[in-house]
Amino acid sequence: MCQIVNKEFKVIAEKHTGLFKDYAELVPKAAQQFLQRAAHLAGTEVAVYEPKASESHTEGTFYVGLLFNDELDVLPEGAEILEIQHTYGMIRGNGTDMGNLYSTLDQWIDEQGYARDTLKNFILETYHPEANGVEEVEIYIPIKA
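Criteria and cut-off values
- Residues numbered from 1 in each chain as written.
- Predicted model: local features only at pLDDT ≥ 70, side-chain atom pairs only at ≥ 80, totals over all residues.
- Heavy atoms only, no water.
- Core = buried A, V, L, I, M, F, W, Y, C linked by side-chain atoms within 4.5 Å.
- Buried < 20%, exposed > 50% of the residue type's maximum accessible area, 1.4 Å probe, protein only.
- Helix = DSSP H or I, 4+ residues; strand = E, 2+ residues; numbered from the N terminus.
- Contact = heavy atoms within 4.5 Å.
- Polar contact = N/O pair within 3.5 Å; in protein donor to acceptor, adjacent residues only side chain to side chain.
- Pairing = 2+ DSSP bridges.
- Expected span 1.5 Å × (residues − 1).
- Arc of directions from axis to C-beta.
- Salt bridge = Lys/Arg side-chain N within 4 Å of Asp/Glu carboxyl O.

1. Re the nonpolar core
Looking at soluble globular proteins, one finds that nonpolar side chains tend to be buried together.
Okay, so step 1: One finds Tyr49, Leu105 and Ile139 to be the most contacted residues of the largest nonpolar core, which totals 29 residues.
Okay, so step 2: For this core, the secondary structure elements donating two or more residues are β1 (2–19), α1 (23–37), β2 (45–49), β3 (59–67), β4 (79–94), α2 (98–111), β6 (123–129) and β7 (135–144).
Okay, so step 3: Look past the residues within four positions of Tyr49 in its chain and what remains in contact with it is Tyr23, Val27, Thr61, Phe62, Phe122, Ile123, Glu125 and Tyr127.

2. Focus: the environment of Tyr102
Okay, so step 1: Inspection of the secondary structure puts Tyr102 in helix α2.
Okay, so step 2: Each C-alpha atom of the pair Tyr102 and Ile139 lies 7.6 Å from the other, and the pair is 37 residues apart in sequence.
Okay, so step 3: Excluding residues within four positions of it along the chain, Tyr102 makes contact with Ile123, Glu125, Ile139 and Ile141.

3. Things to note about the side chain of Glu125
Okay, so step 1: Of note, Glu125 is situated in strand β6.
Okay, so step 2: A polar atom in the side chain of Glu125 sits 2.4 Å from the side chain of Tyr127.
Okay, so step 3: Once residues within four sequence positions are removed from consideration, Glu125 is found in contact with Glu45, Val46, Ala47, Tyr49, Met98, Tyr102, Val137, Glu138 and Ile139.

4. Some remarks on the pairing of β1
Okay, so step 1: As paired elements, β1 and β4 share 13 bridges and run antiparallel to each other. Residue pairing in the sheet places Ile4 in a bridge with Gly89 of β4.
Okay, so step 2: Here nine bridges tie β1 to β3, and the two strands are oriented antiparallel to one another. From the neighbouring strand, Lys15 faces β3, where its bridge partner is Tyr63.

5. Some remarks on α2
Okay, so step 1: For α2, with 14 residues, the first-to-last C-alpha span of 20 Å sits near the 20 Å given by 1.5 Å per residue.
Okay, so step 2: Residues of α2 that are buried sit in contact with β1, β4, β5 (115–116), β6 and β7.
Okay, so step 3: At the exit of α2 stands Gly113, carrying a positive phi of roughly 85 degrees.

6. Description of α1
Okay, so step 1: An ideal rise of 1.5 Å per residue puts 21 Å on 15 residues; α1 measures up with 21 Å between its terminal C-alpha atoms.
Okay, so step 2: Restricting attention to buried positions, one finds in α1 the residues Tyr23, Val27, Ala30, Ala31 and Phe34. The buried side chains of α1 occupy one side of the element, clustering within an arc of 105 degrees when seen end-on. Of the exposed residues in α1, those oriented more than 90 degrees away from the buried face are Ala24, Glu25, Lys29, Gln32 and Gln36.
Okay, so step 3: Buried residues in α1 make contact with β1, β2, β3 and β4.

7. Some remarks on the pattern of salt bridges
Okay, so step 1: Enumeration over the complete set of coordinates arrives at seven salt bridges.
Okay, so step 2: For Lys21, the salt bridge identified is with Asp22, shortest N-O distance 3.4 Å.
Okay, so step 3: Residue class for Asp22 comes out partly exposed when judged on its relative accessible area of 26%.
Okay, so step 4: Of the charged contacts, one joins Arg92 and Glu136 as a salt bridge, the two residues approaching to 3.6 Å between their closest N and O atoms. Of this pair, Arg92 sits in strand β4 while Glu136 sits in strand β7, placing them 44 residues apart in sequence.
Okay, so step 5: Judged by its relative accessible area of 33%, Arg92 falls in the partly exposed class.

Note that all results are geometric; they support no functional claim without further evidence.
Encoded structure:
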């Protein structure tokens, strides 16, 4: 279920900031707006998050966008390209079970003796629609390899 992966992500993304406590509303709304503007592009939906560093860290940066492999002629307005490569603890599961997926992955990382590397590295989530209307999500938490 959980595994270690060394992965590179190429992302067409739009940058946003907001209060961490509001991410559950802000991120899906920003993603929906970006996907409407980028409807001509194909790719896997992705969210890239600045982790919360402490209790006093109340506002963070996040990106919404699409994974891509090919060269682009034109970026959607307000978008930029992120190239991210790191080693991650990863889990895949049902998108309606996000809290449990994060808890399971966090516990597994600790049990395996890995240390999170989230001081300067982002957490990523990729979204994969299934035929039955359920959305699978992959969660990537950066670790020190």
